[in-house]
Amino acid sequence: MSENYRAPIVVVVGHVDVGKTLLLDKIRNTMVAYREPGMITQHIGLSYLPWPIIEKYAAPVIERYRLRGKVWVKGFLMVDTPGHAAFSNLRRRGGSVADLAILVIDLTRGFEEQTYESLILLKSRNIPFVVAANKVDRIYGWKPMPNASILDSYNAQDEDTQGRLEEALARIIEDFNRQGFEAERFDRITDFSRQVPIVPTSAVTGEGIPDLLVLMAGLTQRLVKDRLRLMGGPGKGVVMEVKEEKGLGTTMDVVLYDGILRRGDTIVAMGLNGPVVTKVRMMVMPKPLDEMRDPEDKYMHVNEVEAAAGVKVIADGLDEVVPGSLMYVVQGDPKPYIDEIIKDAASVKIETDQVGVVAKADTLGTLEAMVLYLRSQGIPVRKADIGPVTRRDIIDASVVRRKNPLYGVVLAFNVKVPKEVEEEAKVQLVTIFQNNILYRLVEEFTKWFNEEKSRLIESELSKYVRPGKIAIIPGYVFRRSNPAIVGVEVLGGLIKPGYKLVKANGKEVGVIMQIQDKGKPIQVAKKGMSVAISIEGNVIIGRHIKEGDVLYVNVPLEHAVKLIMQYKDHLSSDEVEVLEEFMKLRSTWKAQAQ
C-alpha cells in the first residue's frame, strides 16, 4: 500500500512562546530514545519520524483504537523550523508543500495574535491541521504522567483539575467558533473532515504527544492520501532557504516533494532578476545523530535523493535564488520549466496600474502569504515584490497617493528600508509601514488608514456649513443686543463661529461671533453641550427672539444637498436628523413665500 506514497510533510505553527520548538524537540528526542540503528534519518530542515518507532512509543494509544496493522503511513517529515516564515516558503501554486499542520496554542492563554495569523494562512492554503493545546502541565493541581496518553493522564487527575482543563479547552473552542471553525477535544470529534481536533499536550512531560502522533496518522490516511502519491520522474521541490555555508559557499536548502534529484542534474529556480538555470555540483545531508561527532563535520555527501526529503544543494549562481521559489529538475529543453517557474512567480508578484498599496516581503512565500492576507482584509494591492524597499517603490506609492492618499503607502514585511529610500519617502510624503509580524503590520496600516480617512473626511466636511439646532436657556441672557450674548444648549448637530442662525419660520437672527465654554473660546459645540454664544446682527433678545426659543443653523441649499448626497454616512445621526428637519422647514418657507 505504502510503496508509491511518501511521508507527509508536517509544519508546526502558532504564537511565539507557546512551546513550538519545545514540542518538536520533545518529539524528536523521544523518537531518538526509541530508535533502532539506522532508523532516524536527518534531513536539511526536516526530521523524519518513522512509523515503527511511533508505534513502539504510542503502543497504548494504538491498542486502545485497535490500529495495529491498519496504518500505512511511513512516518512524518517534521519541518524543523517552526513559525510562519518556514510555513510560507513551503509553497506551491494554489497551496502548500506542507500536507498537515500542528497549530500550537498555549492552553493557559488561549488565542493570541499569531494564532489568528496562523489560521488565516492555514485557511488560505487549505491545509488540514490539528491543535496541540500545550502546557497542560501548567494546569493548577495537575499530576504529570510522563509520555502517557492524555486520556490516561486526564482520568488520573482529581475532579477539580479535570474541571480546570475543561474550562481552558472551552475557551479555545469558543475562540475557534468566533473564527468560523467548529472545534472539539479530539476524542469527542464526530466528523474529522468538518471539525478541528484539539489534543491537550505537554512539551515538558510528553503527555498527549502519543495521541497527537496517532491522530496525525489517522488524518493523513483520511484526508491527504492523494497528495502523498508519488508521480516519480524528475525532482520537484521548493527552496526553503539560501545561505552562505563555511567551506561550501552559497547553498540552497530544498524540500523535495516529488521525484528524484541527482548530482549533475540541471535545475531551474526563480531568481531576483529572473529564472536561474544551473547544475547541481554537490548535495549534502546531515549525518545521522548518532554519527555526529564534530559540529564542523556534520554533513555527508549524497549522489541521489528521493522525495520526500530535505537536502542542501551546492551549485553556481544560487545567491540570486529567492526562497519560496519552486525548483524543477530539467530534462531536455529547459524552456517549459523556465516558463513554469516564471508563471509561478508571476502568480505571486503583482504589477498593475490600479490604486492600491505597495507590498514588499523577503521571500516569495512570505510575499504570497502577505498578498493573501491583505486581500482577505479588503486591502487592494498595486504592486507586490520581493527584496528591500527601493526608490522605485516610493515613486509607485507617490503616484497612487496623488489619486488616493490612503493607499499611497509601502508595507514592508521582514525587509530593510535603506536610509536614502527613507529620505525619498519623506520628500514624496509616502508613509512606510515596517514589521516582522504580518498581523501587526496590517493592523498598524489599518489603524492609520481609519484615522487618516476620518481626518480627510473632516477636512472635506469643514468646507461645508453643518446642520445645528440650539435652544436659548431661560435665565441665561447675558446681553440683550449689539452683540446679544446668551447661554444655549445644543439640541442636535453642531455650531461654529461664523454660522448664520434662523428661526423655525425662516426669519434670520444673526451670525455666531464667538462660542465660550466655561469662559474659554472654542471653535465647535456639539449635541449635549451648554455654552455661551455672541450673536452679531440687528437682533434684540426679548423682541426678535426670546428665552426658550429654538434656532437652526442656516445651511445653504447647495451645502445641504452635498451633505445628504455625498457625506450622509459621515455625519452623526443627530446631524442627519437636524438636517432633515431643517430641509422640511425650508420647504414650508418656500411654500409660504409663494
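Analysis parameters
- Residues numbered from 1 in each chain as written.
- Predicted model: local features only at pLDDT ≥ 70, side-chain atom pairs only at ≥ 80, totals over all residues.
- Heavy atoms only, no water.
- Axes fitted to C-alpha atoms, helices over the stretch in contact; angles between N-to-C directions.
- Helix = DSSP H or I, 4+ residues; strand = E, 2+ residues; numbered from the N terminus.
- Parallel < 35°, antiparallel > 145°, perpendicular 65-115°, else oblique.
- Left-handed = near helix turned anticlockwise from the far one by under 90°.
- Contact = heavy atoms within 4.5 Å.
- Nonpolar A, V, L, I, M, F, W, Y, C, P; charged D, E, K, R; others polar.
- Core = buried A, V, L, I, M, F, W, Y, C linked by side-chain atoms within 4.5 Å.
- Buried < 20%, exposed > 50% of the residue type's maximum accessible area, 1.4 Å probe, protein only.
- Pairing = 2+ DSSP bridges.
- Right-handed = clockwise from strand over helix to strand, strands pointing away.
- Phe/Tyr/Trp six-rings, centres within 6.5 Å; stacked < 30°, edge-to-face > 60°.
- pLDDT = per-residue confidence, 0-100.
- Arc of directions from axis to C-beta.
- Patch = residues over 30% accessible without salt bridge, like charges linked within 9 Å, V, L, I, M, F, W, Y side chains within 5 Å.
- Areas by Shrake-Rupley, 256 points an atom, 1.4 Å probe, with all protein chains shown as cover.
- Salt bridge = Lys/Arg side-chain N within 4 Å of Asp/Glu carboxyl O.
- Lys, Arg positive; Asp, Glu negative; His and termini not counted.
- Expected span 1.5 Å × (residues − 1).
- Polar contact = N/O pair within 3.5 Å; in protein donor to acceptor, adjacent residues only side chain to side chain.

### Focus: the packing of helix α10 (residues 364–376) against helix α13 (residues 438–461)
Running from amino to carboxyl end, α10 crosses α13 at an angle of 40 degrees, the nearest separation of the two axes being 11 Å. Relative to α13, the element α10 is oriented oblique. Crossing handedness for the pair α10 and α13: right-handed. Together, Ala369, Met370, Tyr373 and Leu374 of α10 and Leu438, Tyr439, Leu441 and Val442 of α13 make up the contact between the two elements. Considering only residue class, the contact of α10 with α13 consists of eight nonpolar, no polar and no charged.

### What to know about the nonpolar core
Most often, soluble globular proteins keep nonpolar side chains buried together rather than apart. Among the nonpolar cores identified, the biggest contains 121 residues, and Met78, Ile102, Phe129, Phe176, Met216 and Phe445 are the most heavily contacted of them. If one sorts the elements of this core by residue count, helix α8 (residues 209–223) sits on top with eight residues. Excluding its chain neighbours within four sequence positions, the residues that come into contact with isoleucine 102 are Val10, Val11, Val12, Val13, Met78, Val130, Ala132, Leu212 and Met216. Among the nonpolar cores identified, the runner-up in size contains 38 residues, and Leu461, Val502, Ile533 and Trp589 belong to it.

### Overview of the pairing of strand β21 (residues 381–386)
Where burial is concerned, most of β21 is hidden: five out of the six residues are buried. Bridge count for strand β19 (residues 350–351) against β21 is two bridges, and the pairing is antiparallel. By the bridge assignment, glutamate 351 is partnered in β21 with lysine 383. Sheet topology note: the strand β20 (residues 357–361)/β21 ladder contains five bridges and is parallel. Looking at the pairing, lysine 360 lines up with aspartate 385 of β21. Once you follow β20 into α10 and on to β21, the crossover reads as right-handed.

### Focus: the sheet that holds strand β23 (residues 431–435)
Within the open sheet, the five strands sit side by side as β19-β21-β20-β22-β23. Their pairing is mixed. The strands lining the two open edges of the sheet, one partner per strand, are β19 and β23. The pairing of β20 with strand β22 (residues 409–413) spans four bridges and is parallel. When the sheet's bridge partners are listed, valine 358 is paired in β22 with valine 410.

### Here we look at the packing of aromatic side chains
In total, this model carries 16 aromatic pairs according to the counting rule given. Between phenylalanine 433 and phenylalanine 445, the aromatic rings sit 5.7 Å apart at their centres with planes inclined by 80 degrees, giving edge-to-face as the arrangement. Residue phenylalanine 433 is located in strand β23, and its partner phenylalanine 445 is located in helix α13; the two are separated by twelve residues in the primary sequence. Grouping residues by exposure puts phenylalanine 433 and phenylalanine 445 together as buried.

### Some details on the confidence of the model for the chain
Do not read the fine detail of predicted coordinates wherever pLDDT is low. Averaged over all residues, the pLDDT of the chain equals 88, while 93% of them reach at least 70. pLDDT under 50 marks residues 36–41. Its contacts with residues more than four places away, or in other chains, come to 14 contacts. The model gives residues 289–295 a pLDDT under 50, and that stretch makes seven contacts with residues more than four places away or in other chains.

### Concerning helix α12 (residues 419–428)
It helps to recall that an α-helix has 3.6 residues per turn; residues three or four apart then point in one direction. Buried within α12 are the following residues: Val421, Glu424 and Ala425. The buried side chains of α12 occupy one side of the element, clustering within an arc of 105 degrees when seen end-on. Exposed residues on α12 whose side chains face more than 90 degrees from its buried face are Lys419, Glu420, Lys426 and Val427. Of the surrounding secondary structure, the elements contacted by the buried residues of α12 are α11 (391–403) and β23.

### Digging into the sheet that holds strand β9 (residues 195–200)
Here seven strands make up an open sheet; going across it, the order is β2-β3-β1-β6-β7-β9-β8 and the pairing mixed. In this open sheet, the two edge strands, each paired with only one partner strand, are β2 (46–50) and β8 (182–185). Taken pair by pair, the neighbouring strands of this sheet meet at an average axis angle of 30 degrees, ignoring direction. Taken together, the four bridges between β8 and β9 define a ladder with parallel strand orientation.

### Description of the packing of helix α5 (residues 113–125) against α13
With their axes 9 Å apart at the nearest point, α5 and α13 run at an angle of 100 degrees to one another. Taken together, the axes of α5 and α13 are roughly perpendicular relative to one another. Residues Glu113, Tyr116 and Glu117 of α5 touch α13, and the partners they reach there are Leu438, Tyr439, Arg440 and Glu443. Within the contact of α5 with α13, the residues separate by chemical class into three nonpolar, no polar and four charged.

### Overview of a nonpolar patch on the surface
On the surface, a cluster of nonpolar side chains totalling about 370 Å² of accessible area is made up of Leu557, Val561, Ile564 and Met565. Looking at the element boundaries, leucine 557 is found in helix α14 (residues 557–566). A relative accessible area of 41% places leucine 557 in the partly exposed class.

### Side note on the side chain of aspartate 211
The topology assignment puts aspartate 211 in helix α8. The buried charged residue aspartate 211 lacks any salt bridge partner; its closest oppositely charged side chain belongs to arginine 64, at an N-O distance of 4.6 Å. Residue contacts for aspartate 211: discarding those within four places in its chain leaves Val61, Ala148, Ser149, Ile150, Leu151, Phe186 and Val199.

### Focus: helix α7 (residues 159–178)
With 20 residues, α7 extends 29 Å between its outermost C-alpha atoms, agreeing within 8% with the 28 Å of an ideal straight helix rising 1.5 Å per residue. Within the span of α7, buried status applies to Thr161, Gln162, Leu165, Ala168, Leu169, Ile172, Ile173, Asp175 and Phe176. Take α7 and look down its axis: the buried residues cluster within an arc of 155 degrees, on one side only. In α7, those exposed residues whose orientation departs by more than 90 degrees from the buried face are Glu159, Asp160 and Arg178. In this structure, the buried side of α7 is in contact with β6 (100–106), α5, β7 (129–134), α6 (150–155), β8 and β9. Between a side-chain oxygen at the N-terminus of α7 and the backbone nitrogen of aspartate 160 the separation is 3.2 Å; the capping residue is aspartate 158. A positive backbone phi angle near 85 degrees is found at glycine 180, which sits one or two residues after α7.

### Points about the pattern of salt bridges
Following the criterion strictly, the structure yields 41 salt bridges and no others. Among the ionic pairs, aspartate 253 bridges to lysine 243, the shortest N-O distance being 3.8 Å. Here aspartate 253 is found in strand β11 (residues 249–258), whereas its partner lysine 243 is found in strand β10 (residues 236–245), with ten residues between them in sequence. We classify aspartate 253 as buried; its relative accessible area is 7%. Among the residues examined, lysine 243 registers a relative accessible area of 29% and is labelled partly exposed. The network of salt bridges with common partners includes Glu241, Lys243, Glu245, Asp253 and Lys312.

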